[in-house]
Amino acid sequence: MTNPKHTLTDLALFGGEPAFDEMLHVGRPNIGDRDKLIARLNAILDRRWLTNNGPVVQEFEARLAEFLGVKHVVTVVNATIGLELVIRALGLQGEVIVPAFTFVATAHALQWQEITPVFSDIDPATHNLDPARIERMITPRTTGVIGVHVWGRPCDIEALEAIARKHNLALLFDAAHAFGVSHRGRMIGRFGQAEVFSFHATKFFNAFEGGAIATNDDALAEKLRLMRNFGFAGMDNVIYIGTNGKMHEFTAAAGLTALDSLDAFIAINRRNYEAYRAHLADIPGVDMIAYDDQERNNYQYIVLEIDAEVTGIHRDLLMRLLHAERVRARRYFYPGVHRMEPYRSLYPHAGLLLPETERLVDRVLSLPTGTAVDEGAIERIAGLIRFAVAHGHDITRAMENER
Ligand SMILES: Cc1ncc(COP(=O)(O)O)c(C=O)c1O
């Protein structure tokens, strides 16, 4: 192990040399085979069919539908627009139940359309919506539920389906984290009225930007195709209100190229996940989330929960320490969507009903993975965390004295 830390002054936080020369990023983008991508881009340039449901977009949608085992895939510019389109196409209004432990786009997609996101708490074991709490949040104005498969670990889909059925609510999934993931042997993409994926550069499977809506509902797919293209049903014939949510050909080419390398991306994530598990095992107060090995996973996120009462060092100080060592660890989804604007001002008391969310946003730390790290880096990152926890109280005291 290079650059071992034996004493507190070895830590970069206290003036020592950082363990890494470069920041190790969370989510350094994956790029598939460069030559294949360039060949695809050249073919697009030769064809000069750049957008408006071109052949590459059509091929990408067909391959995604086959991979996910779903009837329709409608690609869009990004997942946020995808969520907005589905919400509108399904006619949701009034209130929709969502977690606050999610990326802000889940709530924005509702509020943007003047629909109230009603934040419901999560199950601390899964970090996903807790079905047992949802029914308490339902009012006569509730029209739907949006589950988020946080970290690519599927929601309790069956329980959410039962609640939606019982109360006649629409059920959607924000599957931005869950591409390539299965639930009870079936791919995510087939559940609820629709599921929405993100292909943003931070996702292990990316098209630089981009997204897709997957659904088995023929009428919904048809409506989404109209809505993403201004409502055009043919030349000069607009039959519905729409926007411009179309994916263009270059994006689809990047997506197809990434799809060719999907197994390799997942293999790297899985290797990292197993290495982290091995190297972080048995550190008191540090729990790493696990993926269900009986299912397909993308192993996209390495997520720790730091219990400061046990470690003696708070998650935020551990993060500062790692940043000083040039390890780009990140808090998620800090401080919780309900504590961001406009929600903080609109619903100032939302946090009272979200004790598990409030607890979790204070504990979660995600670590670098993907092609940015190898086993040696993982060993050193884990070594830093082990050292920081072994000296948690001393580091905390030293930082307090510096103030
Ligand atoms: C849970 C979740 N929902 C929605 C989004 C929005 O995706 P996009 O950037 O494609 O609009 C993200 C993106 O990071 C996300 O993590």
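As a reminder, the structure under discussion sits directly above these lines.
Residues numbered from 1 in each chain as written. Predicted model: local features only at pLDDT ≥ 70, side-chain atom pairs only at ≥ 80, totals over all residues. Heavy atoms only, no water.

(A) Spotlight on empty space enclosed by the protein. For the structure on display, the rule yields 2 cavities of 30 Å³ or more. Of the pockets and cavities examined, the largest cavity occupies roughly 60 Å³. Around the largest cavity, the lining residues are Asn 30, Ile 31, Gly 32, Leu 37, Asn 206, Ala 207, Phe 208, Ala 254, Thr 257 and Ala 258. Per element, the largest residue contribution to the lining of the largest cavity is 3 residues, and it comes from helix α8 (residues 249-260). Across the lining of the largest cavity, the residue classes tally to 6 nonpolar, 4 polar and no charged. In this model, the second largest cavity occupies a volume close to 30 Å³. Here the lining of the second largest cavity is built from residues that sort into 5 nonpolar, 2 polar and 1 charged. (1 Å grid on protein atoms, 1.4 Å probe; cavity = no way out; pocket = protein on both sides within 12 Å on 5 of 7 lines; lining within 4 Å. Points joined across faces, edges and corners; volume = space filled by probe spheres on them. Helix = DSSP H or I, 4+ residues; strand = E, 2+ residues; numbered from the N terminus. Nonpolar A, V, L, I, M, F, W, Y, C, P; charged D, E, K, R; others polar.)

(B) Here's a closer look at the packing of aromatic side chains. As enumerated under the stated definition, the model contains 19 aromatic pairs in all. Both rings, one in Phe 179 and one in Phe 197, keep their centres 5.4 Å apart while their planes meet at 85°; by these two values the pair is edge-to-face. In this pair, Phe 179 is assigned in the loop between β5 (170-174) and β6 (182-183) and Phe 197 in strand β8 (residues 194-198), connecting sequence segments 18 residues apart. Like Phe 197, Phe 179 is buried. A ring pair is formed by Phe 179 and Phe 205, whose centres lie 4.3 Å apart and whose planes are at 15°; its orientation type is stacked. Residue Phe 179 is located in the loop between β5 and β6, and its partner Phe 205 is located in the loop between β8 and β9 (211-215); the two are separated by 26 residues in the primary sequence. Phe 205 matches Phe 179 in its accessibility class, with the two residues each being buried. Chaining the aromatic ring pairs together yields one cluster made of Phe 60, Phe 67, Phe 179, Phe 197, Phe 199 and Phe 205. Lying across the ring of Tyr 332, Arg 330 places its NZ or CZ 4.8 Å from the centre. The ring of Tyr 334 is capped by Arg 331, whose NZ or CZ atom sits 3.9 Å from the centre of that ring. (Phe/Tyr/Trp six-rings, centres within 6.5 Å; stacked < 30°, edge-to-face > 60°. Buried < 20%, exposed > 50% of the residue type's maximum accessible area, 1.4 Å probe, protein only. Lys NZ or Arg CZ within 6 Å of the ring centre and 35° of its normal.)

(C) Up close: the site of the ligand. Around the ligand sit 15 residues in total, of which Ala 79, Thr 80, Asp 174, Ser 198 and Lys 203 are the nearest. Thr 80 places a side-chain nitrogen or oxygen 2.6 Å from an oxygen atom of the ligand. Between the ligand and Ser 198 there is a distance of 2.7 Å, counted from an oxygen atom to a side-chain nitrogen or oxygen. Considered on its own, the ligand offers 390 Å² of accessible surface; in the complex 92% of this is hidden by protein. When atoms are counted within 2 Å of each cavity's grid points, the one that captures over half of the ligand is the largest pocket. Taken together, the elements giving at least two residues each to the shell around the ligand come down to α3 (79-89) and α4 (105-111). (Near = heavy atom within 4 Å. Polar contact = N/O pair within 3.5 Å; in protein donor to acceptor, adjacent residues only side chain to side chain. Areas by Shrake-Rupley, 256 points an atom, 1.4 Å probe, with all protein chains shown as cover. Sits in = over half its atoms within 2 Å of the grid points.)

(D) Quick look at the sheet that holds β9. Taken together, 7 strands build an open sheet; the order of strands is β1-β9-β8-β5-β4-β2-β3 and the sheet is mixed. Edge positions in the sheet fall to β1 (72-76) and β3 (116-120), since each of these pairs with one other strand and no more. The mean inter-strand angle of the sheet, taken between neighbouring strand axes irrespective of direction, is 25°. Sheet topology places β8 next to β9; 4 bridges connect them, and they run antiparallel. The residue bridging Val 196 from the neighbouring strand is Ile 213, located in β9. Lying on the sheet, helix α2 (residues 55-68) is in contact with β1, β8 and β9; it crosses β1 at an angle near 135°. Packing of α3 onto the sheet brings it into contact with β1, β4 (142-148), β5, β8 and β9, and relative to β8 it is tilted by some 165°. (Pairing = 2+ DSSP bridges. Axes fitted to C-alpha atoms, helices over the stretch in contact; angles between N-to-C directions. Contact = heavy atoms within 4.5 Å.)

Purely geometric numbers; function is a separate question.
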